[in-house]
Amino acid sequence: MAEQQGSRRLQELDAAHHLHPFTDSQALHRKGTRVIERGEGVYLWDADGHRILDGMAGLWCVNLGYGREELIEAADRQLRRLPYYNLFFQTTHPQATELAATLAGLLPGDMQHVFFTGSGSECNDTVVRMVRHYWASQGQPGRQVIISRHNAYHGSTLAGAALGGMKPMHAQGGLPLPDIVHIDQPYHFGEGQGQDPHAFGLARARQLEQKILELGPERVAAFIGEPIQGAGGVIIPPQSYWPEIRRICKQYDILLVVDEVICGFGRTGHWFASEYYGLEPDLLCMAKGITSGYMPLGAVAVGRRVAEGLIGGGEFFHGFTYSGHPVACAVALANIEVMRRENIVERVHDDIGPYLQRAWAGLGDHPLVGETRGLGLVAALELVADKTDNRRFDSAVGAGLICREHCFEQGLVMRAVGDTMIISPPLVISHAEVDELITKARRALDLTYQTLTANSGN
């Protein structure tokens, strides 16, 4: 009873004073917030004492799970020694310098330079500034246009939201910004039904070439893409897609920006998904898993030619108060050390990733599931009204939201993107915990099926 009273008090305070991100506040106030009080391993506990398996690792980020003492102690030590200093005024501190060197040893291709930010959104704002400043330093200031994709997610700051291709975000705030344009996403299930996946992947990639020629190659600065579109619904492109994107960027000398904020640090069974797809980015954005979410930190990795252009281009008028925060960098270093010591990336690639994907694929026999897909420790399934033709539910039905609520009732965090259900559990999840996740997901699907059937009157 005391726990419930405490939870109600927090809900009342929350409704009175707290504006939540990506939230219909009136709807939330009617329902009441879920108060998460603590975490351990892959589990969360709410203020009412319910245990919940976190199938989303927070927001794609708590890769080492909750309660890792190594990360907590690294933050404590750094807070006591140097809790803050900036990287302005021709200064540095050991943590930022050591982390930059450590990252240079992990990154693909010729990426040996790093610019620190506080988040993935700030990384993508930085990218806009960097690519345009780079081309100006090369005597091509007219190269201003950045090409992205519809339904991409690159953050929620003004530039990040403009780079992203989500219509609800663009409807608020006069987005996208000038000289940011979009092409179609490589979403085979949603937009390529009946087409050969290989041909579909090539066709979607070749929209980049069409857009470059439409705009004029002399105007195009860069193409940006997530290796796997995470917030868009774990959209895994056909294998033909990324090699063709890479070819087109090289042919027209367009910078390739790879947003690895979600995919980086082991999520796909590689340190970076660029390795899986054979990409050689000119710029690469990272955040989230860099600290396992224990501290806010982001970084833009910069390849050789862009780094040389920036270094030779005079002062770069850009940066943040918390760029390379010493406590965040200390936690990142500890995070990477633990990942190496425990062979986390190799385990995702060789063991727990394949185990999860086999179990997840088994959900494909459910009458609501039109497709399962995944890679490493990220996966999705598509809810459909009719498996014979993969017909979708009417959007007003809210099948994904119904399923999400049943997941919570069963003690599982599984996210809904429309009627696509997605997971991204901590990389330290065990076989037994994967089994629990699948059992709870199947039970939630059963309950969703019952709810939808009852609502339809059948």
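What counts, and at which threshold
Residues numbered from 1 in each chain as written. Predicted model: local features only at pLDDT ≥ 70, side-chain atom pairs only at ≥ 80, totals over all residues. Heavy atoms only, no water. Helix = DSSP H or I, 4+ residues; strand = E, 2+ residues; numbered from the N terminus. Rg over C-alpha atoms; globule rule 2.2 N^0.38 Å. Buried < 20%, exposed > 50% of the residue type's maximum accessible area, 1.4 Å probe, protein only. Contact = heavy atoms within 4.5 Å. Areas by Shrake-Rupley, 256 points an atom, 1.4 Å probe, with all protein chains shown as cover. Lys, Arg positive; Asp, Glu negative; His and termini not counted. Charge placed at Lys NZ, Arg CZ, Asp CG, Glu CD. Pairing = 2+ DSSP bridges. Axes fitted to C-alpha atoms, helices over the stretch in contact; angles between N-to-C directions. Core = buried A, V, L, I, M, F, W, Y, C linked by side-chain atoms within 4.5 Å. Salt bridge = Lys/Arg side-chain N within 4 Å of Asp/Glu carboxyl O. Expected span 1.5 Å × (residues − 1). Phe/Tyr/Trp six-rings, centres within 6.5 Å; stacked < 30°, edge-to-face > 60°. Lys NZ or Arg CZ within 6 Å of the ring centre and 35° of its normal.

Describing the overall build of the protein chain
In terms of helices and strands, the protein chain carries 17 helices and 15 strands. Radius of gyration (C-alpha) of the protein chain: 22 Å, near the 23 Å computed for a compact globule of 458 residues. Projected onto its principal axes, the C-alpha positions of the protein chain cover 65 × 60 × 45 Å. Counting over 458 residues, the protein chain shows a buried share of 54%. Pairs at least 24 apart in sequence give 71% of the contacts found in the protein chain among residues at least 6 apart. With the model as given, the accessible surface of the protein chain reaches about 19800 Å², and the carbon-plus-sulfur share is 52%. Charged side chains of the protein chain number 40 positive and 52 negative; the gap between the two group centres comes to 1 Å.

Remarks on the sheet that holds strand β12 (residues 378-383)
Taken in spatial order, the 4 strands make up an open sheet running β11-β12-β15-β14, and their pairing is antiparallel. Pairing within the sheet leaves two strands with one partner each, and these edge strands are β11 (369-375) and β14 (415-417). Ignoring strand direction, the axes of neighbouring strands in this sheet form an average angle of 25°. Each of β11, β12 and β15 (420-423) is contacted by helix α15 (residues 344-361), which is oriented at about 175° to β11, the strand it contacts most.

A few points about the nonpolar core
One finds Leu99, Leu103, Phe265, Met286, Trp360 and Met414 to be the most contacted residues of the largest nonpolar core, which totals 66 residues. Broken down by element, this core gets its largest block of residues, 10 residues, from helix α14 (residues 326-341). Here Leu103 is in contact with Val114, Phe116, Phe265, Met286, Ile290 and Ile336, once residues within four sequence places are set aside. In this structure, Ala57, Val62, Ile212 and Ile422 belong to the second largest nonpolar core, which totals 38 residues.

Some thoughts on the environment of Tyr85
Inspection of the secondary structure assignment puts Tyr85 in the loop between α4 (69-81) and α5 (94-104). On the basis of relative accessibility, which here comes to 38%, the residue Tyr85 falls in the partly exposed class. Separated by 250 residues in the primary sequence, Tyr85 and Asn335 have C-alpha atoms spaced 21 Å apart. Excluding residues that lie within four positions of it along the chain, Tyr85 makes contacts with Thr91, His93 and Pro326.

A look at the pattern of salt bridges
All chains considered together, the criterion is met by 24 salt bridges. Measuring nitrogen to oxygen at the nearest pair gives 2.8 Å for the salt bridge that ties Glu244 to Arg247. With Glu244 and Arg247 both in helix α11 (residues 241-251) and 3 residues apart, this pair spans about one turn of that helix. Taking the shortest distance from any N to any O, the salt bridge between Glu308 and Arg304 comes out at 3.6 Å. One end of the pair is Glu308 and the other is Arg304, both in helix α13 (residues 304-311) and 4 residues apart, which spans about a single turn.

Things to note about helix α10 (residues 197-215)
The end-to-end C-alpha separation of α10 is 28 Å, in line with the 27 Å expected for 19 residues at 1.5 Å each. The complete set of buried residues in α10 reads Phe200, Gly201, Leu202, Arg204, Ala205, Gln207, Leu208, Glu209, Lys211, Ile212 and Leu215. Among the structural elements, β5 (145-149), β6 (180-183), α9 (188-191), β7 (220-225) and α11 are those in contact with the buried residues of α10. Looking one or two residues beyond α10, the residue adopting positive phi is Gly216, at roughly 100°.

Side note on the packing of aromatic side chains
The final tally for this structure, using the stated rule, is 11 aromatic pairs. Aromatic pair Phe115 and Phe316: ring centres 6.1 Å apart, planes at 70°, arrangement edge-to-face. Here Phe115 is found in strand β4 (residues 113-117), whereas its partner Phe316 is found in the loop between α13 and α14, with 201 residues between them in sequence. Exposure class is identical for Phe115 and Phe316. Each is buried. Every member of this aromatic cluster is reached through a ring pair, and the members are Phe223, Tyr241, Trp242, Tyr276 and Tyr277. Sitting over the ring of Trp45, Arg38 keeps its end group 4.0 Å from the ring centre.

Some words on the sheet that holds strand β8 (residues 255-259)
A sheet is described by the order of its strands in space; here 7 strands give the open sequence β4-β10-β9-β8-β7-β5-β6, paired in mixed fashion. Two strands bound the open sheet, and with one partner strand each, they are β4 and β6. Within the sheet, the average angular offset between the axes of one strand and its neighbour, ignoring direction, is 20°. With 5 bridges connecting them, β4 and strand β10 (residues 298-302) associate as antiparallel partners. From the neighbouring strand, Phe115 faces β10, where its bridge partner is Val300.

Observations regarding the side chain of Gln78
With respect to the secondary-structure elements, Gln78 resides in helix α4. Not counting residues within four places of it along the chain, the set of residues in contact with Gln78 comprises Pro83, Gln95, Pro326, Val327 and Ala330.

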